[in-house]
Amino acid sequence: MDSLALLTFLPLAGALALLALPAGGEHGPHGRRSDSAARALALAVTGLTAFLGARLFVGFDGSSAALQRTFERDWFTLPWSHAPVRLALGVDGLSVTMAALTAVLTPLVVLSTWGHVDRRVKEFMVWLLVMETGMLGTFLATDLVLFYFFWEASLVPLYFIVGIWGGECRLYATLKFFLYTLAGSLLMLVAVIWLVQAARTSSIPELTEWASRPGALGARGGAWLFLAFAAAFAIKVPLIPFHTWLPDAHTEAPTSGSVILAGVLLKMGTYGLLRFCIGMFPAQALAFAPWFMALGAVGIAYGAFLAMAQNDLKRLIACSSVSHLGYVVLGLFALNQPGLRGGLLQMVNHGLSTGLLFLLVGMLYERRHSRMLDQFGGVALVAPAFAAWWVFAVLSSAGLPGLNGFVGEYLVLLGAWKVAPPWAAVAASGVILGAVYLLSATRRMLFGPVVHAETRHVGDLRPRELALMLPIGALIVWFGVQPGALLDKSAGSIAALEARIARARVAAADPSIEDGAGAELPGAGAAELPAAIGPQEAVAR
Amino acid sequence: MIANLTSIPGGPVDPGGDLGSLARALTPEALAALGAPLALAAGVVLLLACELWPVTARVRPALVGAALAAAAWCSWRLVAEPLPRGGLVFEGTFAAGPALGLWSLAFVAAAALAWAFSAGYYRRDASAPFKGEHDLLLLSTPVGMILMAGARDLLVFFVGLELLSIPLYALAAFRRARATSVEAGLKYFLLGAFASALYLYGAALLYASSGTLAMAELAARFGAGSAPALGQAGAALVAAALFFKISVFPFHVWVPDVYQGSPTPVTALMSAGTKAAAFAFLLRTCALLPASAAWSVAVLALITMAVGNLAALVQEDAKRMLAYSSIAHAGNVVLAAAALLAGDPRSSAAIEGAAIYYLAAYAFTACGAFGILAWLEAADGEGATRIEALDGLAQRRPWSAALLALFLLSLGGMPLTGGFLGKWLVFGALVERDMMPAAVVGVLLSVVAFAYYLRLIVAMTMKPARAAAPRPGDEWELGPLVAGAVCAAGVLLLGVVPGWLMETIERLG
């Protein structure tokens, strides 16, 4: 079987196999044993998937922009458009890092559940595995209808994970998360239907090619399509002002849910922005770029201020996510090479750093049953290894040179500076604000005297916890020292994307070439953007 | 007038009782066209005979099953080997084309599922000894549905409508020891009779204005743009009667009480079958409405969705909530009729296909959902459908909860369920006809719908159980088990491997 199909559907197969296990927990006669079996099976399946994902990443040829390892099977034909919907998977430089990150993070998430998922274990693992297939499929699908299937199907597992295994206000949080994301998704659905019926194909490469034809999208169609897709992705990212579901969902989710949410699920939004909003509608992206850069930059600062005011550690990290994803959006919509590369890099970096932070908060919560900063103080005295890891994660998140966050943030700021210096300045202040909230939270939690007696009984890290954090730590250092390992994989695809943007920019500047929608939009930002990177330069790269 | 009626070309079989003309009308082709209704009617007659003696009454389940299977086979023949001339028989009053084959497959499936879910439903009820009457009433409803869907003549439709409605009035009141059931039957009867009267009055006006009851001729006259005001009023009245049966705003108010009060398997049949049958004929009636009515119909449909979804949000009983949800789904499918009006009415086959897909998925889903509720009611007693009674169902009855959750996700239109592709096709019809605003408002209203579907899922899977777990082995009995599995299989097949039905629909055009 083809390796991409295997990679995508292996977790689903694992989930089905898990269903065959006897019920565990308090109901089954062999409760504990069955729970352990479920955990072991889930770990084995996700571990194998991680191996396949890592092999995919290593074997990927980053210099090419073409889809690699394509897998295609006929599925069904839609009426009206006669568009054949295919089970089509493929990987390119935009998706390879995200797919690999998903595959590598999931077994670590499974390991992390040993500490906090102690009821309905089998069910949890089933949902987690189903979600892994949903996420991998979202990144790897090269058919728009298939993409939409995976996109929306990945909503349901997280809904159950937060709703069943979450904190006190989990029902409110999970409903809010689901309905928010669904509203955006359904707007995208109308756009997907429109696009497929107009283009009479649902293959993403063919659609991308079709959308770039002069006049294909009609006078206003392009802008509406762009906005409908952007609505779905902006809610998922989340971009302010659509971010309010995220702190609730993060806070109420179990640790594993938070890690998956921060590590991968939010990236589905930024990936969608990159693949569809920018890749498929570059003219419209140019026109709307100033708005997105503004939202990104404001999000950076606003998220940071929100984080400063938090007492709940999880909520603090959730708000910092809003801030960090602002960088990604800012970089992507700078629409130049450093911005795109930085944005792509930050997608991975945020997944690693924030994932690690959520894991650490989870471990602390398991020991102390509190996440409130004012309940802590002096943790470093009783759990030095934990404190060291926490400081490491915080510094990675704050962008310390030598760790992963630095390169990405730098590239994003560079890219943004070239087109919109004011927003770059706002974003740069976010770097400082980030350090402020992260370090002050660290001080309040780790240092000073032990205020509450319970803190004395916080034990240090166990071998299992170290084992699950080590791979993330290693990746953080590796990508900090050797960012080329990631950047090279996307070089070819980014160059191709830049060429498309450059063509759209030329077309927008000279409406006589084609009647692309971008030229007619009000406030066409393309004209205002200094041509930081010309088309020739882009092609050369 | 009467003399005129009997001489109308394409009028129903000569009421004069001339056996010769009856024999001439019953060509082999006509028999094939009416295969499914005839098989069901034969089943009904045999059931009546069986009930006379206690000994023969035992074969009742086999008889019902055989009649349904024969009807399904006859319907399938219409799809697999279409009759010549689009299956028009009886001088053009009845069209048994491949589309009717698909419609009647859906009706027969709905009746079969409702029947399977009714096994054991009445066992603690005073009406239990009358299961035979129940079954034969149930078996006669798809006859009416098929006649409604295939009618190309206003009177044939009316015959079908009454053949469907009268058994349903009785079935709605079937649990006569329960006041709500009697109330449901009475309400359904009074309002249904009112709708029938509306329909007849409309048909009479149409006849008075154009001198024909044949849909094809009416459509030709109305299509020429020379419809007199009298005829337009008639068309509006006919449409109103259909809206009543489909439960479109403002003719929807009877639905919650009737659906909640009726025995739950009957509710399943009503939600899956009646609506679809009336909708099939609404698609023909569209030819009588002006194209300018497209947006009015779309707005009515959207209001229906809004009313159904918003009212469902605040319900405390799952059955009543699903009744409101069925109103919302009626609005959704009527959007397809609006799309039909907006374009060339002659290219209706594709939109009819979309509606068939939507309603087939809905038939499996709604039958499944109401069926599970019926089973819970039978197993856990009265009040089992209250939402708080569903708390922790996943712990107590994991399979019931898993199936119900699947059906709810399909009702909401999650990918990998039949509900999603049905929604895709209906909204695709709107997009194809350039009715984007209606599509956008429609999808946003289906976000509201998820709020209450999820509320049930929350209760079942995320809240602690209030009642004790049942004894192991008490989970299922055969009838509901098979029906539930069939519904789930149908929902998943329509969602995951839609190729077969999609291709069949494609061939309709």
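Reading the values: rules and limits
Residues numbered from 1 in each chain as written. Chains lettered and ligands numbered in written order. Predicted model: local features only at pLDDT ≥ 70, side-chain atom pairs only at ≥ 80, totals over all residues. Heavy atoms only, no water. Helix = DSSP H or I, 4+ residues; strand = E, 2+ residues; numbered from the N terminus. Rg over C-alpha atoms; globule rule 2.2 N^0.38 Å. Buried < 20%, exposed > 50% of the residue type's maximum accessible area, 1.4 Å probe, protein only. Contact = heavy atoms within 4.5 Å. Areas by Shrake-Rupley, 256 points an atom, 1.4 Å probe, with all protein chains shown as cover. Lys, Arg positive; Asp, Glu negative; His and termini not counted. Charge placed at Lys NZ, Arg CZ, Asp CG, Glu CD. Salt bridge = Lys/Arg side-chain N within 4 Å of Asp/Glu carboxyl O. pLDDT = per-residue confidence, 0-100. 1 Å grid on protein atoms, 1.4 Å probe; cavity = no way out; pocket = protein on both sides within 12 Å on 5 of 7 lines; lining within 4 Å. Points joined across faces, edges and corners; volume = space filled by probe spheres on them. Nonpolar A, V, L, I, M, F, W, Y, C, P; charged D, E, K, R; others polar. Axes fitted to C-alpha atoms, helices over the stretch in contact; angles between N-to-C directions. Parallel < 35°, antiparallel > 145°, perpendicular 65-115°, else oblique. Left-handed = near helix turned anticlockwise from the far one by under 90°. Core = buried A, V, L, I, M, F, W, Y, C linked by side-chain atoms within 4.5 Å. Buried area = accessible area lost by both parts, 1.4 Å probe. Polar contact = N/O pair within 3.5 Å; in protein donor to acceptor, adjacent residues only side chain to side chain. Phe/Tyr/Trp six-rings, centres within 6.5 Å; stacked < 30°, edge-to-face > 60°. Lys NZ or Arg CZ within 6 Å of the ring centre and 35° of its normal. Patch = residues over 30% accessible without salt bridge, like charges linked within 9 Å, V, L, I, M, F, W, Y side chains within 5 Å. Pairing = 2+ DSSP bridges. Expected span 1.5 Å × (residues − 1).

A few points about the overall build of chain A
When you go through chain A residue by residue, the secondary structure sums to 23 helices and two strands. What you see for chain A is a C-alpha radius of gyration of 23 Å, in line with the 24 Å of a compact globule of 541 residues. Along the longest, intermediate and shortest principal axes, the C-alpha atoms of chain A span 75 × 50 × 40 Å. The burial tally for chain A puts 65% of its 541 residues in the buried class. Of all intrachain contacts in chain A linking residues separated by at least 6 positions in sequence, the fraction that spans at least 24 positions is 82%. As displayed, chain A offers around 17500 Å² of accessible surface, 65% of which is attributable to carbon and sulfur atoms. Averaging the locations of the 35 positively and 32 negatively charged side chains of chain A gives two centres separated by 5 Å.

Brief notes about the overall build of chain B
In terms of regular secondary structure, chain B is built from 23 helices and two strands. Over its C-alpha trace chain B gives a radius of gyration of 22 Å, about what one expects of a compact globule, namely 23 Å for 509 residues. Expressed as lengths along the three principal axes of its C-alpha atoms, the size of chain B is roughly 65 × 60 × 40 Å. Counting over 509 residues, chain B shows a buried share of 62%. Considering only contacts in chain B between residues 6 or more positions apart, those separated by 24 or more positions represent 80%. Only carbon and sulfur atoms are counted for the fraction: they give 70% of the accessible area of chain B, which is about 17700 Å².

Some details on the pattern of salt bridges
Taken as a whole and assessed by the stated rule, the structure comprises 25 salt bridges over all chains. Linking Glu81(B) and Arg77(B) is a salt bridge whose minimum nitrogen-to-oxygen distance equals 2.8 Å. For Arg77(B), a relative accessible area of 30% puts it in the partly exposed group. Glu377(B) is the partner of Arg178(B) in a salt bridge, and the nearest nitrogen-oxygen pair spans 3.4 Å. Of this pair, Arg178(B) sits in the loop between α9 (154-172) and α10 (179-210) while Glu377(B) is found in helix α17 (residues 349-380), placing the two residues 199 residues apart along the sequence. Its relative accessible area of 16% is what places Arg178(B) among the buried residues. Classification of Glu377(B) as buried rests on a relative accessible area of 9%. Through salt bridges with shared partners, a single ionic network connects Arg367(A), Arg462(A), Arg464(A) and Glu465(A).

Examining the confidence of the model for chain A
When pLDDT is averaged along chain A, the result is 86; 92% of the residues meet or exceed 70. Across residues 514-541 of chain A, where pLDDT falls below 50, the model places 49 contacts with residues more than four positions away in sequence or in other chains.

As for empty space enclosed by the protein
Residues and elements named next belong to chain B. This model, assessed by the stated rule, comprises 11 cavities of 30 Å³ or more. Approximately 170 Å³ is the volume attributed to the largest cavity. In this structure, the largest cavity is lined by 20 residues; those nearest its centre are His 329, Asn 332, Tyr 358, Leu 411 and Gly 412. For the lining of the largest cavity, the elements supplying multiple residues, two or more each, are α15 (293-313), α16 (318-342), α17, α19 (398-412), α20 (418-432) and α21 (436-462). For the lining of the largest cavity, a count of residues per class yields nine nonpolar, 10 polar and one charged.

A closer look at the packing of helix α14 (residues 264-285) of chain B against α16(B)
Residue and element names in this part refer to chain B. Axis separation between α14 and α16 bottoms out at 11 Å; the angle between their running directions is 15°. By the angle between their directions, the pair α14 and α16 is classed as roughly parallel. Between α14 and α16 lies a crossing of right-handed hand. Residues Thr 264, Thr 267, Ser 271, Lys 275, Phe 279, Leu 282 and Leu 283 of α14 form the contact with α16, whose own contacting residues are Lys 319, Ser 326, Ile 327, Ala 330, Val 333, Val 334, Ala 336, Ala 337 and Leu 340. Counted by class, the contact of α14 with α16 contains 10 nonpolar, four polar and two charged residues.

Some remarks on the nonpolar core
Grouped together as the largest cluster of nonpolar side chains are 401 residues, with contacts concentrated most on Phe178(A), Leu195(A), Phe229(A), Phe333(A), Trp390(A) and Phe279(B). If sequence neighbours within four positions are ignored, Trp390(A) has contacts with Leu313(A), Ile317(A), Leu357(A), Leu360(A), Val361(A), Thr442(A), Met445(A) and Leu446(A).

Some details on the interface of chain A and chain B
Listed per partner, the contact involves 37 residues of chain A and 42 residues of chain B. In total, about 3600 Å² of surface goes out of reach between chain A and chain B, with carbon and sulfur atoms giving 78% of it. Contact with chain B buries surface across chain A, with Trp80(A), Phe149(A) and Val190(A) losing the most and accounting together for 19% of the total. Applying the counting criterion to the chain A and chain B interface returns five residue pairs in polar contact (both at pLDDT 80 or more). Looking at the side of chain A that touches chain B, the elements that each hand over two or more residues are β1 (68-77), α5 (144-153), α6 (155-165) and α7 (170-199) of chain A. When its residues are assigned to classes, the side of chain A that touches chain B shows 27 nonpolar, six polar and four charged.

Observations concerning the packing of aromatic side chains
Both the distance between ring centres and the angle between the ring planes are used here to describe each pair of aromatic rings. One pass over the structure, following the stated rule, counts 41 aromatic pairs over all chains. Ring geometry for Tyr259(B) against Phe370(B): centres 6.3 Å apart, planes inclined by 80°, an arrangement best described as edge-to-face. Within this pair, whereas Tyr259(B) is found in helix α13 (residues 254-261), its partner Phe370(B) is found in helix α17, the two being separated by 111 residues in sequence. Each member of the pair Tyr259(B) and Phe370(B) is classed as buried. Members of the aromatic cluster, connected to one another through ring pairs, are Trp127(A), Tyr159(A), Phe160(A), Phe178(A), Phe450(B), Tyr452(B) and Tyr453(B). Positioned above the aromatic ring of Trp114(A) is the side chain of Arg39(A), whose terminal nitrogen or guanidinium carbon lies 5.4 Å from the ring centre. Above the ring of Tyr365(A), the side-chain terminus of Arg371(A) is found at 5.2 Å from the ring centroid.

Some thoughts on a nonpolar patch on the surface
Residues and elements named next belong to chain B. A cluster of nonpolar side chains, Leu 19, Leu 22, Leu 26, Leu 31 and Leu 38, forms an exposed patch at the surface whose accessible area comes to about 440 Å². In this structure, Leu 22 sits in helix α2 (residues 19-25). Look at Leu 22 and you get partly exposed, because its relative accessible area is 33%.

Section: helix α23 (residues 499-508) of chain B
Restricting attention to buried positions, one finds in α23(B) the residues Gly499(B), Leu501(B), Met502(B), Thr504(B), Ile505(B) and Leu508(B). In this structure, the buried residues of α23(B) make contact with β1 of chain A together with α6 (60-80), α7 (98-118), α17, α20 and α22 (478-496) of chain B.

Quick notes on the confidence of the model for chain B
Detail in the predicted coordinates should be disregarded across regions flagged by low pLDDT. Residue and element names in this part refer to chain B. On average, residues of chain B carry a pLDDT of 86, and 93% of them reach 70 or more. Scored below 50 in pLDDT, residues 1-11 shows 16 contacts in the model against residues more than four places distant or in partner chains. Our summary of model confidence lists the complex with pTM equal to 0.88 and ipTM equal to 0.86.

Description of the pairing of β1(A)
All names here are of chain A. Of the pairings in the sheet, the one linking β1 to strand β2 (residues 84-91) comprises seven bridges and is antiparallel in character. Across the sheet, Phe 71 pairs through a bridge with Leu 89, a residue of β2. From the end of β1 to the start of β2, which pair antiparallel, there are six residues, and Trp 80 there has a positive phi angle of about 70°.

Describing α17(B)
Residue and element names in this part refer to chain B. Taking 1.5 Å of rise per residue, the 32 residues of α17 would be expected to cover 46 Å, and the 45 Å separating its terminal C-alpha atoms lies within 8% of that figure. Judged by how many residues are buried, α17 sits mostly within the fold: 29 of 32 residues are covered. Taken from the residues just after α17, Gly 381 is the one with a positive phi, measuring 90°.

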